[in-house]
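Descriptive structure summary
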Amino acid sequence: MNTAEHLTTFPAIAIFLAGLAFFFHGLDGVKESLKSMAGRSLRQRIERFTSTGALAALWGFILGALAQSSTAASFIVTGFVSSRLLTLRRALTMIAWANLGTVVLPFIASFDIRTAIAMILGVGGLLATFRAGREFLLPAWRGLFMLGLLMLGLQFLKDATSGIPDEPWFRQFAQTLGDSLVFGFVVGIASRLVIQSTSAIVVIVVTFVNSGILTDSQAAMMVHGAGVGVGATVLLMGRSSHGLPRQLAYFQAIINSAAGAILALEVLTTKLTGMPSLMDLIRNTITSDSSRMLAIVYVVQQSLCVGIAELCGGRWTQWLNRLSPPTDAQNLATPMYIDQGAGVDSTSFLDMIAREQARIVERLPDILDCVRSDGERTMAECNHMAESCKSLGAEIHHALRELSQTRLDRQDAEQLLALDIKQRAVDQLVTEVAHFARASLDERRTSETGSDSDGNALLFGMTEGLHLVLSQLVECDRSRVPSDVSMLLMIVSDRGDLMEQLRADIAASTSHGARPGLQYTLALFERAMWLVGKAVPAAANGNDGIGGADGMGGVDGTDSPDDTDGTDGPGGTDSTLNDPTNQTPATSNSLQHT
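Residues numbered from 1 in each chain as written. Predicted model: local features only at pLDDT ≥ 70, side-chain atom pairs only at ≥ 80, totals over all residues. Heavy atoms only, no water.

**Some thoughts on the overall build of the protein**
- Helices and strands together make up the secondary structure of the protein, namely 26 helices and zero strands.
- In the protein, which comprises 594 residues, the proportion classed as buried is 51%.
- The long-range fraction of contacts in the protein, counting pairs at least 24 apart against all pairs at least 6 apart in sequence, stands at 76%.
- Accessible surface for the protein amounts to roughly 27,000 Å². Of this, 58% is attributable to carbon and sulfur atoms. (Helix = DSSP H or I, 4+ residues; strand = E, 2+ residues; numbered from the N terminus. Buried < 20%, exposed > 50% of the residue type's maximum accessible area, 1.4 Å probe, protein only. Contact = heavy atoms within 4.5 Å. Areas by Shrake-Rupley, 256 points an atom, 1.4 Å probe, with all protein chains shown as cover.)

Right under this line is the structure:
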C-alpha cells in the first residue's frame, strides 16, 4: 500500500476511523479466538513456554518487536490473560519486555511491516475460509486473521497521521514555540494518542531534528512525552474493561508514564542546573548522530520501564488488585481446585471437581439479577457471569475427560459418571437461565411502551419463582438436608397444573393484545425448572450413584418439557432406570435427550 497515494485518494479522517474500527474489531476477534482455544492442554503448553521469568521476557520482547507497538502488545497479552492462557505474573513480565522489544524499529527505520500484515491476513483468512487442518485449528486460523486485522488498524492509524509533520500549520506552530521543552513533552503525549506506536514517533522525531524544526533536547522531551502518552492511550482504550484486563492497563500506564516522567525531569533539571544531560553523555561517549542518539534515548527509556517493573517484583499483584479488583465473573471463570489436582489420587480429584461444580451452582441465582426488582447487576454483568459459568464448566469437562482415561475403581467410575451427568445438566441450566433473563428483560422493555399489567405480573411471578427455586438448589447443594431436597423435588416435579394455568393466562392476555413473547419466556421457564430437577438428585446424593430421586434421570419420572407422552422422557417409567445394574444405557439415553 502506497501511503501517499492512499492519502490523496481518501481523506485522512476516513483512514483514521477505519484504523480504529480494524483495531477494535481485530482485538475482539483475537480475544474470542483465544477463548475458543483456551483448553487445559493449550494452557499447559503456554505455561511451559513462559515457565520462567526469562522465557516470559523473551516472548514479550519478540512480541514487541513484531507488533512494534506496546499498546498492541499489551492488548494481545490481555487477551491471553482474559482467556486464562497466561498467569497475571507472567503477563506483567511479557508486557514490560514488550516495551523494550519496540526499540527495533528506530534502529531499522526502513523496516516496513505492511508485507508482514498482508501475509498474516492472507494466510489466516484463507486457512479459516477453507477450514484447513483439523477442526480444533479453526479458532487459531481465525485468530491469526484477526491479529492481522488488528495490526492493519494500527498501520492505518500511522498512515493517517504520517502527513502531519509536513503540514505548514504544524511547522509554523513549532517555530512559534521556539526551544520550549514543555512543548516537546506535550506534543509527545498528543502524538502518542493518535499514532499508536512510540517507535514510529521516534522515527518521525528524527526527521524533525534533521530538518531543524526541533532541537535535540526538544526531541528527547517528545520521546519522553510519548512514554506518558502510552499510559494515557492504554487507559483510554481499556476504559470499558474491568478486573484483570484493567490491571494490565494500569501496569502498562504506570511503568511507561513513570519512565517518561523520570527522564523528562532529568532533561529539565540538567537544563536548569547546567549539568551534563543524558543526550550530552551519549553525544560525548557513543555517537553524535541525532537519529542514533534518539534511538539510544528510546532504548534507555524502555529499559527503565523494565527496570521499574522488575524493581517492584511481586508487589505489583497486590497493588493492581487494589486498583482494579478482579470481578466476580473473572474469579468464577478461574478454577480454584482442579488446577491444583496434579499428583493427587482420583478420589480427591473427583472431590475437587465437585467443589468446582458447586461454585457454578452458587452463581445460578445471580444470572437473574438483571431482571429482578432488587437486582444489582446489569444485563452485561449477568451475561459475563453466565459466560464465566460456561468457561468453568468447560474446565470441568476437560478434567473429567482426562480422569476418565486413567484406571479407576468402580466407586470412582460411578462418581465420575454422576459428575459428568450433573455437569451437562448444569451447563444447560446456565444457558436456559441466561436466555430466560434476556427474554424477560426484552419483554419488560416492551411493556414500557404499553400497559400490559397482566403480562408484567406473569413476568414478575416467573422471575421470582425461578430465583427461589435456584436459591433452594444452592441450599440443597450445600447442606444436602433430605427435607430440603424433598421440598425442592416436589416443587419442580409437580408443575403440570401450574404450567397449564400459566399458558391459559398468557393465552387470555394475548387475545387482549398482550405480547406473544410471553409464550417463549414461559417455555424457557418450564425448561429451566425441568433442568433444576435434573441437577437436584446429583446435588443431594453426591457419590451415592448416578443420581435421580428414583434412579438416573429426571424428577419422579417426569418428562422433559419437549416430551409429553410420559413414556420415554428423562426419568420416564422405564424400570431399567431403577435397576442399579443397568444404569449406563439409561444414562446415555438421558444425555441424548437432554
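**Description of the nonpolar core**
- Core analysis: the biggest nonpolar cluster contains 60 residues, and L429, L473, F525 and V532 have the highest contact counts within it.
- At the level of secondary structure, the elements contributing two or more residues to this core comprise α19 (346–363), α20 (379–404), α21 (410–447), α22 (453–479), α23 (482–493), α24 (496–511) and α25 (517–541). (Core = buried A, V, L, I, M, F, W, Y, C linked by side-chain atoms within 4.5 Å.)

**Quick word on the pattern of salt bridges**
- This model, assessed by the stated rule, comprises 11 salt bridges.
- For the salt bridge of R424 with D420, the shortest nitrogen-to-oxygen distance reads 2.9 Å. Pair noted here: R424 and D420 are both in helix α21, with a separation of four residues, about one helical turn.
- By relative accessible area, which is 36% here, R424 ends up partly exposed. (Salt bridge = Lys/Arg side-chain N within 4 Å of Asp/Glu carboxyl O.)

**Digging into unusual backbone geometry**
- In this structure, R131 is a non-glycine residue whose phi angle is positive, near 50 degrees.
- Inspection of the secondary structure puts R131 in the loop between α8 (114–129) and α9 (138–161).
- Here R131 falls in the partly exposed class, since its relative accessible area comes to 48%.
- The residue R480 is not glycine, and still its phi comes out positive at about 55 degrees.
- Along the chain, the position of R480 falls in the loop between α22 and α23.

**So, a nonpolar patch on the surface**
- A cluster of nonpolar side chains, F49, L55, L58, W59, F61 and I62, forms an exposed patch at the surface whose accessible area comes to about 510 Å².
- The element best represented in the nonpolar patch is helix α4 (residues 53–67), accounting for five residues.
- Inspection of the secondary structure puts F61 in helix α4. (Patch = residues over 30% accessible without salt bridge, like charges linked within 9 Å, V, L, I, M, F, W, Y side chains within 5 Å.)

**Observations regarding the environment of V123**
- As for its placement among the helices and strands, V123 is situated in helix α8.
- For the pair V123 and W141, spaced 18 residues apart in the sequence, the C-alpha separation amounts to 8.2 Å.

**Overview of the side chain of Q247**
- Examined against the element boundaries, Q247 turns out to sit in helix α14 (residues 244–273).
- In this structure Q247 comes out as buried when scored by relative accessible area, which is 0%.

**Observations regarding the packing of α14 against helix α16 (residues 290–312)**
- Interhelical geometry of α14 versus α16 gives an angle of 125 degrees and a closest axis separation of 9 Å. When the axis of α14 is compared with that of α16, the two are oblique. As for how α14 packs across α16, the hand of that crossing is right-handed. Facing F251, I255, N256, A258, A259, G260, I262 and L263 of α14, the residues of α16 in contact are V300, Q301, Q302, L304, C305, I308 and A309.
- Of the residues belonging to the contact of α14 with α16, the class tally is 11 nonpolar, four polar and no charged. (Axes fitted to C-alpha atoms, helices over the stretch in contact; angles between N-to-C directions. Parallel < 35°, antiparallel > 145°, perpendicular 65-115°, else oblique. Left-handed = near helix turned anticlockwise from the far one by under 90°. Nonpolar A, V, L, I, M, F, W, Y, C, P; charged D, E, K, R; others polar.)

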